[in-house]
Amino acid sequence: MKTALKITAFAATLAATFGTAYGVGQGIDPVVADSASPRHTGHGEASRTPAPEGGGGHAEHESAAPAAGGLQISEQGYTLDLRTPRVTAGQRADLRFAIRDADGRAVTAYQREHDKELHLILASRDLTTYRHLHPTRAADGTWSTPVDLPRAGGYRVFADFTPARKGAENLTLGADLAVSGDYEPRDVPAPNSTATVDGYQVRLTGGLRPGRAGELKLTVSRDGKPVTDLQPYLGAYGHLVALRSGDLAYLHVHPGGEPGDGKTEPGPGISFTATAPSSGTYRLFLDFKHEGTVRTAAFTVRSGASGAAPATPEAPDRPAAETADGHRH
(Lines give C-alpha, C1' and ligand atoms only; values in the text may rest on other atoms or scores of the structure.)
Protein backbone atom coordinates (compact mmCIF):
# COMPACT_ATOMS: atom_id res chain seq x y z
CA MET A 1 0.00 0.00 0.00
CA LYS A 2 1.11 3.60 -0.57
CA THR A 3 2.76 5.57 2.13
CA ALA A 4 -0.42 7.36 2.46
CA LEU A 5 -3.70 6.79 4.02
CA LYS A 6 -6.75 5.05 3.04
CA ILE A 7 -9.90 6.48 4.37
CA THR A 8 -13.29 5.05 3.80
CA ALA A 9 -16.21 6.30 5.78
CA PHE A 10 -18.49 3.76 7.34
CA ALA A 11 -21.69 4.52 9.08
CA ALA A 12 -24.34 2.30 10.49
CA THR A 13 -27.35 3.49 12.35
CA LEU A 14 -28.47 1.39 15.25
CA ALA A 15 -32.02 2.51 15.71
CA ALA A 16 -33.04 -0.12 18.21
CA THR A 17 -33.35 0.62 21.89
CA PHE A 18 -31.54 -2.09 23.83
CA GLY A 19 -33.36 -3.77 26.72
CA THR A 20 -31.77 -5.82 29.43
CA ALA A 21 -31.17 -8.66 27.04
CA TYR A 22 -30.96 -9.28 23.32
CA GLY A 23 -33.39 -11.83 21.93
CA VAL A 24 -31.59 -14.53 19.99
CA GLY A 25 -34.15 -14.59 17.25
CA GLN A 26 -34.61 -10.83 16.97
CA GLY A 27 -31.13 -9.35 16.75
CA ILE A 28 -31.74 -6.13 14.89
CA ASP A 29 -28.53 -4.54 15.98
CA PRO A 30 -24.80 -5.25 15.64
CA VAL A 31 -22.42 -6.34 18.45
CA VAL A 32 -20.51 -4.84 21.37
CA ALA A 33 -17.27 -6.42 22.54
CA ASP A 34 -14.23 -5.47 24.55
CA SER A 35 -11.15 -3.51 23.71
CA ALA A 36 -8.86 -3.85 25.24
CA SER A 37 7.06 -6.07 0.84
CA PRO A 38 4.20 -5.28 -1.51
CA ARG A 39 3.86 -1.68 -2.42
CA HIS A 40 1.29 0.12 -0.32
CA THR A 41 -1.84 1.18 -2.16
CA GLY A 42 -4.73 3.14 -0.76
CA HIS A 43 -8.08 1.73 0.29
CA GLY A 44 -11.56 2.85 -0.48
CA GLU A 45 -12.58 6.45 -0.96
CA ALA A 46 -9.42 7.83 0.54
CA SER A 47 -7.30 6.14 -2.10
CA ARG A 48 -8.89 8.35 -4.71
CA THR A 49 -7.35 11.43 -3.11
CA PRO A 50 -3.55 11.26 -3.50
CA ALA A 51 -1.70 11.69 -0.22
CA PRO A 52 1.16 14.14 0.12
CA GLU A 53 4.68 12.91 -0.50
CA GLY A 54 7.47 13.33 1.98
CA GLY A 55 7.94 13.03 5.71
CA GLY A 56 7.18 15.14 8.72
CA GLY A 57 5.69 18.07 6.81
CA HIS A 58 2.39 16.30 6.30
CA ALA A 59 0.62 18.15 9.07
CA GLU A 60 0.63 21.44 7.20
CA HIS A 61 -0.41 20.05 3.83
CA GLU A 62 -3.82 21.19 2.71
CA SER A 63 -6.07 18.49 1.27
CA ALA A 64 -9.72 18.06 0.58
CA ALA A 65 -11.68 16.19 3.22
CA PRO A 66 -12.04 12.56 2.18
CA ALA A 67 -15.36 11.48 0.76
CA ALA A 68 -17.73 9.83 3.22
CA GLY A 69 -17.86 6.47 1.46
CA GLY A 70 -18.52 3.04 2.88
CA LEU A 71 -21.86 3.98 4.35
CA GLN A 72 -23.57 1.45 2.13
CA ILE A 73 -23.76 -2.29 2.03
CA SER A 74 -23.46 -1.91 -1.77
CA GLU A 75 -21.18 0.27 -3.86
CA GLN A 76 -20.06 0.32 -7.51
CA GLY A 77 -22.07 -2.81 -8.28
CA TYR A 78 -20.69 -4.87 -5.39
CA THR A 79 -22.70 -5.98 -2.35
CA LEU A 80 -21.69 -7.43 1.00
CA ASP A 81 -23.93 -10.44 1.63
CA LEU A 82 -23.61 -11.16 5.37
CA ARG A 83 -24.95 -14.68 5.79
CA THR A 84 -24.48 -14.69 9.57
CA PRO A 85 -26.43 -11.61 10.67
CA ARG A 86 -26.45 -12.57 14.37
CA VAL A 87 -24.40 -14.56 16.87
CA THR A 88 -24.54 -15.16 20.64
CA ALA A 89 -22.24 -13.37 23.05
CA GLY A 90 -19.54 -15.59 24.55
CA GLN A 91 -20.11 -18.41 22.07
CA ARG A 92 -17.74 -19.26 19.25
CA ALA A 93 -19.41 -19.14 15.84
CA ASP A 94 -18.47 -19.08 12.17
CA LEU A 95 -19.09 -15.74 10.52
CA ARG A 96 -19.94 -16.31 6.83
CA PHE A 97 -20.37 -13.81 4.02
CA ALA A 98 -19.87 -13.27 0.29
CA ILE A 99 -19.15 -10.32 -1.99
CA ARG A 100 -21.63 -10.28 -4.88
CA ASP A 101 -21.32 -8.48 -8.20
CA ALA A 102 -24.03 -6.58 -10.06
CA ASP A 103 -25.41 -9.88 -11.42
CA GLY A 104 -25.67 -11.42 -7.97
CA ARG A 105 -22.74 -13.79 -8.47
CA ALA A 106 -20.26 -14.37 -5.66
CA VAL A 107 -16.90 -12.78 -6.47
CA THR A 108 -14.05 -15.32 -6.54
CA ALA A 109 -11.14 -13.22 -7.90
CA TYR A 110 -9.45 -10.48 -5.87
CA GLN A 111 -6.27 -8.46 -5.94
CA ARG A 112 -3.93 -9.17 -3.04
CA GLU A 113 -3.24 -6.22 -0.76
CA HIS A 114 -1.08 -6.51 2.33
CA ASP A 115 -0.62 -10.21 1.53
CA LYS A 116 -4.39 -10.87 1.70
CA GLU A 117 -7.29 -10.85 -0.76
CA LEU A 118 -9.67 -9.40 1.82
CA HIS A 119 -9.39 -7.78 5.26
CA LEU A 120 -12.30 -8.03 7.68
CA ILE A 121 -12.74 -5.55 10.53
CA LEU A 122 -15.25 -6.01 13.35
CA ALA A 123 -15.96 -3.17 15.76
CA SER A 124 -18.52 -2.62 18.48
CA ARG A 125 -20.70 0.46 18.43
CA ASP A 126 -19.13 1.75 21.63
CA LEU A 127 -15.66 1.24 20.07
CA THR A 128 -14.41 -0.86 22.98
CA THR A 129 -14.02 -4.07 20.96
CA TYR A 130 -12.04 -4.45 17.77
CA ARG A 131 -11.06 -7.38 15.57
CA HIS A 132 -8.84 -7.41 12.47
CA LEU A 133 -9.51 -10.79 10.84
CA HIS A 134 -8.47 -12.58 7.66
CA PRO A 135 -11.18 -15.04 6.65
CA THR A 136 -10.82 -18.05 4.37
CA ARG A 137 -12.49 -18.07 0.96
CA ALA A 138 -14.11 -21.22 -0.42
CA ALA A 139 -14.12 -22.02 -4.13
CA ASP A 140 -17.72 -20.78 -4.45
CA GLY A 141 -16.75 -17.33 -3.13
CA THR A 142 -18.05 -17.78 0.42
CA TRP A 143 -15.79 -16.30 3.09
CA SER A 144 -15.75 -17.60 6.68
CA THR A 145 -13.91 -16.93 9.93
CA PRO A 146 -14.47 -17.99 13.54
CA VAL A 147 -15.52 -15.24 15.97
CA ASP A 148 -16.08 -15.15 19.71
CA LEU A 149 -17.53 -11.83 20.84
CA PRO A 150 -17.75 -11.37 24.61
CA ARG A 151 -20.58 -8.85 24.91
CA ALA A 152 -24.02 -8.38 23.44
CA GLY A 153 -24.95 -5.32 21.44
CA GLY A 154 -24.32 -3.79 18.03
CA TYR A 155 -21.27 -4.34 15.84
CA ARG A 156 -20.28 -3.20 12.39
CA VAL A 157 -18.60 -5.56 9.91
CA PHE A 158 -16.23 -3.99 7.34
CA ALA A 159 -15.03 -5.91 4.27
CA ASP A 160 -11.99 -4.25 2.67
CA PHE A 161 -11.06 -5.59 -0.79
CA THR A 162 -10.24 -4.86 -4.43
CA PRO A 163 -11.86 -6.94 -7.21
CA ALA A 164 -9.44 -8.53 -9.68
CA ARG A 165 -10.57 -6.66 -12.75
CA LYS A 166 -8.81 -3.99 -14.74
CA GLY A 167 -9.25 -0.54 -13.29
CA ALA A 168 -11.01 -1.79 -10.15
CA GLU A 169 -10.84 0.47 -7.11
CA ASN A 170 -10.48 -0.63 -3.54
CA LEU A 171 -13.84 -0.86 -1.74
CA THR A 172 -14.91 -1.15 1.87
CA LEU A 173 -18.47 -2.35 2.36
CA GLY A 174 -20.25 -2.47 5.70
CA ALA A 175 -23.04 -4.43 7.35
CA ASP A 176 -24.53 -4.66 10.84
CA LEU A 177 -24.04 -7.71 13.05
CA ALA A 178 -26.27 -8.43 16.07
CA VAL A 179 -25.03 -10.27 19.14
CA SER A 180 -27.60 -11.61 21.57
CA GLY A 181 -27.17 -11.73 25.34
CA ASP A 182 -27.19 -9.37 28.32
CA TYR A 183 -26.50 -5.86 27.12
CA GLU A 184 -24.77 -3.18 29.18
CA PRO A 185 -24.32 0.25 27.53
CA ARG A 186 -20.79 1.66 27.63
CA ASP A 187 -19.29 5.01 26.78
CA VAL A 188 -16.51 5.44 24.25
CA PRO A 189 -13.23 5.38 26.23
CA ALA A 190 -11.85 8.77 27.29
CA PRO A 191 -9.06 10.40 25.23
CA ASN A 192 -5.59 8.98 25.89
CA SER A 193 -2.13 9.34 24.40
CA THR A 194 -0.56 6.24 25.96
CA ALA A 195 -1.71 2.63 25.97
CA THR A 196 -0.34 -0.54 27.53
CA VAL A 197 -0.91 -4.00 26.08
CA ASP A 198 0.79 -7.22 27.20
CA GLY A 199 3.57 -5.27 28.89
CA TYR A 200 4.25 -3.00 25.90
CA GLN A 201 3.79 0.76 26.19
CA VAL A 202 2.73 2.68 23.08
CA ARG A 203 2.71 6.48 22.98
CA LEU A 204 0.83 8.57 20.44
CA THR A 205 1.98 12.01 19.28
CA GLY A 206 0.43 14.17 16.59
CA GLY A 207 -3.25 14.31 15.82
CA LEU A 208 -6.10 14.12 13.33
CA ARG A 209 -7.14 17.29 11.52
CA PRO A 210 -10.43 17.74 9.67
CA GLY A 211 -9.77 18.18 5.96
CA ARG A 212 -6.01 18.45 6.37
CA ALA A 213 -3.29 15.80 6.34
CA GLY A 214 -1.57 15.33 9.67
CA GLU A 215 1.09 13.04 11.04
CA LEU A 216 0.44 10.44 13.71
CA LYS A 217 3.50 8.86 15.31
CA LEU A 218 3.31 5.83 17.57
CA THR A 219 6.34 4.81 19.62
CA VAL A 220 6.62 1.29 21.06
CA SER A 221 8.61 0.43 24.20
CA ARG A 222 8.79 -2.38 26.74
CA ASP A 223 10.06 -2.13 30.31
CA GLY A 224 11.06 1.46 29.60
CA LYS A 225 13.27 0.50 26.65
CA PRO A 226 12.47 1.30 22.99
CA VAL A 227 11.54 -1.66 20.81
CA THR A 228 13.83 -1.49 17.77
CA ASP A 229 13.12 -4.90 16.23
CA LEU A 230 9.47 -4.80 15.25
CA GLN A 231 8.55 -7.49 12.75
CA PRO A 232 6.70 -6.98 9.45
CA TYR A 233 2.99 -7.68 9.71
CA LEU A 234 1.13 -7.90 6.41
CA GLY A 235 3.97 -6.07 4.66
CA ALA A 236 4.39 -3.21 7.16
CA TYR A 237 5.69 -2.49 10.65
CA GLY A 238 2.29 -1.30 11.75
CA HIS A 239 -1.33 -0.92 10.66
CA LEU A 240 -3.67 1.75 11.93
CA VAL A 241 -7.46 1.80 11.68
CA ALA A 242 -9.50 4.79 12.89
CA LEU A 243 -13.25 4.75 13.52
CA ARG A 244 -15.32 7.86 14.16
CA SER A 245 -17.59 7.73 17.17
CA GLY A 246 -21.27 8.05 16.33
CA ASP A 247 -21.44 6.78 12.76
CA LEU A 248 -18.29 4.61 12.68
CA ALA A 249 -16.77 6.43 9.72
CA TYR A 250 -13.82 4.23 8.81
CA LEU A 251 -10.25 5.33 8.15
CA HIS A 252 -7.61 2.77 7.22
CA VAL A 253 -4.20 4.40 7.50
CA HIS A 254 -0.83 2.96 6.55
CA PRO A 255 2.67 3.99 7.56
CA GLY A 256 5.32 5.85 5.64
CA GLY A 257 7.91 3.49 4.20
CA GLU A 258 7.95 -0.29 4.30
CA PRO A 259 10.24 -3.07 5.50
CA GLY A 260 13.27 -3.60 3.27
CA ASP A 261 13.19 -0.20 1.57
CA GLY A 262 16.58 0.71 3.03
CA LYS A 263 15.34 3.66 5.09
CA THR A 264 12.42 2.52 7.25
CA GLU A 265 13.57 1.48 10.70
CA PRO A 266 11.83 -1.44 12.51
CA GLY A 267 10.85 0.75 15.45
CA PRO A 268 10.50 2.16 17.92
CA GLY A 269 8.52 4.79 15.97
CA ILE A 270 5.86 4.12 13.33
CA SER A 271 4.59 7.18 11.44
CA PHE A 272 1.31 7.54 9.61
CA THR A 273 -0.35 10.28 7.58
CA ALA A 274 -4.11 10.73 7.86
CA THR A 275 -6.84 13.23 7.05
CA ALA A 276 -9.96 13.18 9.18
CA PRO A 277 -13.22 13.54 7.23
CA SER A 278 -14.58 15.85 9.96
CA SER A 279 -14.06 17.03 13.49
CA GLY A 280 -15.17 14.58 16.15
CA THR A 281 -14.02 11.77 18.41
CA TYR A 282 -12.10 8.88 16.86
CA ARG A 283 -10.87 5.57 18.19
CA LEU A 284 -7.46 4.46 16.82
CA PHE A 285 -6.33 0.82 16.74
CA LEU A 286 -2.65 0.11 16.09
CA ASP A 287 -1.61 -3.43 15.12
CA PHE A 288 2.08 -4.23 15.58
CA LYS A 289 4.08 -7.46 15.68
CA HIS A 290 6.96 -8.34 17.99
CA GLU A 291 8.48 -11.69 18.94
CA GLY A 292 6.00 -13.48 16.70
CA THR A 293 2.81 -12.06 18.23
CA VAL A 294 0.49 -9.36 16.87
CA ARG A 295 -0.86 -6.97 19.47
CA THR A 296 -3.30 -4.07 19.32
CA ALA A 297 -2.96 -0.76 21.16
CA ALA A 298 -6.07 1.46 21.27
CA PHE A 299 -6.38 5.25 21.61
CA THR A 300 -9.18 7.81 21.69
CA VAL A 301 -8.49 11.19 20.07
CA ARG A 302 -10.51 14.24 19.11
CA SER A 303 -9.83 15.69 15.69
CA GLY A 304 -9.23 19.42 15.41
CA ALA A 305 -6.50 22.04 15.37
CA SER A 306 -5.44 21.18 18.91
CA GLY A 307 -3.85 17.94 17.68
CA ALA A 308 -3.34 14.87 19.83
CA ALA A 309 -5.37 14.03 22.89
CA PRO A 310 -3.99 15.10 26.26
CA ALA A 311 -1.92 12.54 28.12
CA THR A 312 -3.88 10.30 30.44
CA PRO A 313 -2.93 7.32 32.60
CA GLU A 314 -1.95 4.24 30.66
CA ALA A 315 -4.67 1.77 29.84
CA PRO A 316 -4.42 -1.55 31.71
CA ASP A 317 -2.97 -4.61 30.04
CA ARG A 318 -5.43 -6.54 27.93
CA PRO A 319 -5.52 -10.34 28.39
CA ALA A 320 -3.45 -12.27 25.85
CA ALA A 321 -6.49 -14.24 24.72
CA GLU A 322 -8.27 -11.03 23.74
CA THR A 323 -5.27 -9.88 21.71
CA ALA A 324 -4.91 -13.20 19.95
CA ASP A 325 -8.60 -13.33 19.11
CA GLY A 326 -8.36 -9.92 17.51
CA HIS A 327 -5.94 -11.26 14.93
CA ARG A 328 -7.23 -14.72 14.08
CA HIS A 329 -6.20 -15.61 10.50
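Since this is a predicted model, take the numbers as computed values, not measurements.

A. Quick look at the overall build of the protein chain. Helix and strand counts for the protein chain come out as one helix and 20 strands. The burial tally for the protein chain puts 54% of its 329 residues in the buried class. Carbon and sulfur atoms form 49% of the exposed surface of the protein chain, whose accessible area is close to 13,200 Å².

B. How the structure looks around the nonpolar core. In this structure, L284 and F288 are the most contacted members of the largest nonpolar core, which totals 27 residues. Elements supplying a minimum of two residues to this core: β12 (194-197), β13 (200-206), β14 (214-222), β16 (239-244), β17 (250-253), β18 (269-274), β19 (280-290) and β20 (293-303). Top element by residues in this core is β19. It accounts for four residues. Excluding residues that lie within four positions of it along the chain, F288 makes contacts with V197, Y200, V202, V220, L230, Y237, T293, V294, R295 and A297. Formed by 25 residues, the second largest nonpolar core is a distinct cluster that contains L80, L133, W143 and V157.

C. Inspection of the sheet that holds strand β5 (residues 93-100) at higher detail. Taking strand neighbours across the sheet as the criterion, the five strands line up as β2-β3-β5-β9-β8 in an open arrangement whose pairing is antiparallel. The open sheet has two edge strands, β2 (74-75) and β8 (136-137), and neither has a second partner. Summarising the sheet, β8 and strand β9 (residues 142-147) pair through two bridges and their orientation is antiparallel. Bridging across to β9, R137 finds its partner in W143.

D. Structural detail: the packing of aromatic side chains. Across all of its chains, the model carries seven aromatic pairs by this definition. Judged by centre distance (6.3 Å) and plane angle (75°), the ring pair of Y78 and F161 falls under edge-to-face. Taken together, the residues span a long stretch of sequence, with Y78 in strand β3 (residues 78-82) and F161 in strand β10 (residues 153-161) at a distance of 83 residues. We classify Y78 as buried; its relative accessible area is 9%.

E. Molecular detail of the confidence of the model for the protein chain. With 71% of its residues at a pLDDT of at least 70, the protein chain reaches an overall mean of 78. The low-confidence segment residues 1-63 (pLDDT under 50) makes 249 contacts with residues lying over four places distant or belonging to another chain. Taken as a whole, residues 305-325 scores under 50 in pLDDT and shows 52 contacts with residues more than four places along the chain or in a different chain.

F. Quick look at unusual backbone geometry. In this chain, G267 is followed by P268 through a cis amide linkage whose omega measures 5°. Here P268 lies in the loop between β17 and β18. Phi at D223 is positive, roughly 55°, even though this residue is not glycine. Structurally, D223 can be placed in the loop between β14 and β15 (225-226).

G. Summary view of the sheet that holds strand β6 (residues 118-124). Pairing is mixed across the open sheet formed by five strands, whose spatial order is β4-β11-β10-β6-β7. Every interior strand has two partners, whereas the edge strands, β4 (86-88) and β7 (130-133), have only one. Within this sheet the neighbouring strands show an average axis-to-axis angle of 25°, counted without direction. When β6 meets β7, the two strands line up antiparallel, connected through four bridges. Looking across to β7, one finds that L122 is bridged to R131.

H. Structural context of the pairing of β12. Residue alternation in β12 divides its side chains into two sets, T194 and T196 and A195 and V197, and both sets are buried. Relative to β13, β12 is paired through four bridges, and the arrangement is antiparallel. Residue pairing for β13: A195 is matched across the bridge by V202. In sequence, β12 turns back onto β13 through a hairpin of two residues, with D198 there showing a positive phi of about 50°.

I. Summary view of the pattern of salt bridges. Scanning all chains against the criterion turns up ten salt bridges. A salt bridge links D176 to R156; its shortest N-O distance comes to 2.8 Å. With a gap of 20 residues between them, D176 in strand β11 (residues 171-180) and R156 in strand β10 connect regions that are remote in the sequence. Here R295 makes a salt bridge to D198, at a shortest N to O gap of 3.3 Å. Pair noted here: R295 is in strand β20 and D198 is in the loop between β12 and β13, with a separation of 97 residues, a long-range link. Through salt bridges with shared partners, a single network forms among D81, R83 and R100.

Rules used in this analysis
- Residues numbered from 1 in each chain as written.
- Predicted model: local features only at pLDDT ≥ 70, side-chain atom pairs only at ≥ 80, totals over all residues.
- Heavy atoms only, no water.
- Helix = DSSP H or I, 4+ residues; strand = E, 2+ residues; numbered from the N terminus.
- Buried < 20%, exposed > 50% of the residue type's maximum accessible area, 1.4 Å probe, protein only.
- Areas by Shrake-Rupley, 256 points an atom, 1.4 Å probe, with all protein chains shown as cover.
- Core = buried A, V, L, I, M, F, W, Y, C linked by side-chain atoms within 4.5 Å.
- Contact = heavy atoms within 4.5 Å.
- Pairing = 2+ DSSP bridges.
- Phe/Tyr/Trp six-rings, centres within 6.5 Å; stacked < 30°, edge-to-face > 60°.
- pLDDT = per-residue confidence, 0-100.
- Axes fitted to C-alpha atoms, helices over the stretch in contact; angles between N-to-C directions.
- Salt bridge = Lys/Arg side-chain N within 4 Å of Asp/Glu carboxyl O.

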